[in-house]
Amino acid sequence: MPDLQSLHLETLDISIATISACRVGFIQHTALRHLCERHTRVAAALWRETLVYASIFREWMTNIGQREALSRAAHLMCEYVVRMRAMGLAEDHACQIPMTQDDLGDALGISTVHVNRVLQELRRLGLIKLGSGNLTVLDWERLKATGDFDSGYLHLRRAEAATA
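Conventions and cut-offs
- Residues numbered from 1 in each chain as written.
- Predicted model: local features only at pLDDT ≥ 70, side-chain atom pairs only at ≥ 80, totals over all residues.
- Heavy atoms only, no water.
- Buried < 20%, exposed > 50% of the residue type's maximum accessible area, 1.4 Å probe, protein only.
- Helix = DSSP H or I, 4+ residues; strand = E, 2+ residues; numbered from the N terminus.
- Arc of directions from axis to C-beta.
- Contact = heavy atoms within 4.5 Å.
- Core = buried A, V, L, I, M, F, W, Y, C linked by side-chain atoms within 4.5 Å.
- Axes fitted to C-alpha atoms, helices over the stretch in contact; angles between N-to-C directions.
- Parallel < 35°, antiparallel > 145°, perpendicular 65-115°, else oblique.
- Nonpolar A, V, L, I, M, F, W, Y, C, P; charged D, E, K, R; others polar.
- Pairing = 2+ DSSP bridges.
- Disulfide = S-S within 2.5 Å.

Caption draft 1: Molecular detail of helix α4 (residues 101-108). By the burial criterion, the buried members of α4 are Leu104, Gly105 and Leu108. Take α4 and look down its axis: the buried residues cluster within an arc of 100°, on one side only. In this structure, the buried side of α4 is in contact with α2 (40-66), α3 (69-86) and α5 (112-124). In the segment just after α4, Gly109 is the residue with positive phi, at about 70°.

If you want it as structure tokens, here you go:
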């Protein structure tokens, strides 16, 4: 679920979009509330998801507010690879990345021109290889250090396997 806040707040104050094709399903709030009332494990799982979402939000506030663009981009690349590995969609430290430079600029809070410069610097440093919708991390430890990345905020159950 992209945002559980709407379960208890009448107005969703964000917009939701995808960067690649996806299938979307909808569950009526009344049905979901009823499910939570009857099945406490479901309610607990949804509460956990909300807390993880808040943890990721705090990390990204730090990312945008305190890190330089190069560090932001490195952090994003690390997070992306860890998430893809956790879902079984990355092999070693390589995966598809459907984001354009415009998408990256939006995520990082920088212009597309600056994204281009930052990606060139990450390549020049020998940290990543990026092209044709594919990302390969060439030096995982240095990329993590550059991005000040620690996957703990993602609260993945198998984080150590995803970050290895």
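Caption draft 2: Highlighting the nonpolar core. In this structure, Met77, Leu119, Leu122, Ile128 and Leu143 are the most contacted members of the largest nonpolar core, which totals 34 residues. Elements represented by at least two residues in this core include exactly α2, α3, α4, α5, β3 (128-131), β4 (134-137) and α6 (140-146). With 10 residues, α3 is the single largest residue contributor to this core. Listed in part, the five residues of the second largest apolar core include Leu4, Leu7, Leu32 and Cys36.

Caption draft 3: Expanded view of the packing of α3 against α5. Contact geometry of α3 with α5 gives a least axis separation of 10 Å together with a crossing angle of 70°. Considered as vectors, α3 and α5 are oriented roughly perpendicular to each other. Residues Ala69, Leu70, Ala73, Ala74 and Met77 of α3 form the contact with α5, whose own contacting residues are His114, Val118, Leu119, Glu121 and Leu122. Here the residues of the contact of α3 with α5 are counted per class, giving eight nonpolar, one polar and one charged.

Caption draft 4: Just the packing of α4 against α5, in detail. Between α4 and α5, the shortest axis-to-axis distance is 8 Å and the interhelical angle comes to 95°. Judged by the angle between their axes, α4 and α5 are roughly perpendicular. Packed against α4, whose contacting residues are Gln101, Asp102, Leu104 and Gly105, the element α5 presents Thr112, Val115, Asn116 and Leu119 at the interface. Among the residues making up the contact of α4 with α5, the classes are represented as three nonpolar, four polar and one charged.

Caption draft 5: Structural context of the sheet that holds strand β1 (residues 90-91). One open sheet accounts for four strands, arranged β1-β2-β4-β3; its pairing is antiparallel. This sheet does not close on itself; its edge strands, each paired only once, are β1 and β3. The sheet strands contacting α3 are β1, β2 (94-96), β3 and β4, and the helix crosses β2 at an angle near 85°.

Caption draft 6: Representation of the state of the cysteines within the structure. Taken as a whole and judged by the stated rule, the model has zero disulfides. Left without a disulfide partner, Cys22 is nearest to the cysteine sulfur of Cys95, which lies 18 Å away.

Caption draft 7: A look at unusual backbone geometry. Unlike most non-glycine residues, Asp148 shows phi in positive territory, near 50°. Its place among the elements puts Asp148 in the loop between α6 and α7 (159-163). When its relative accessible area of 52% is taken as the criterion, Asp148 is described as exposed. A positive phi angle, close to 50°, is found at His155, a residue other than glycine. Along the polypeptide, His155 turns up in the loop between α6 and α7. According to the relative accessible area criterion, His155 is partly exposed, its value standing at 40%.

Spatial relationships are all this shows, so hold off on functional conclusions.
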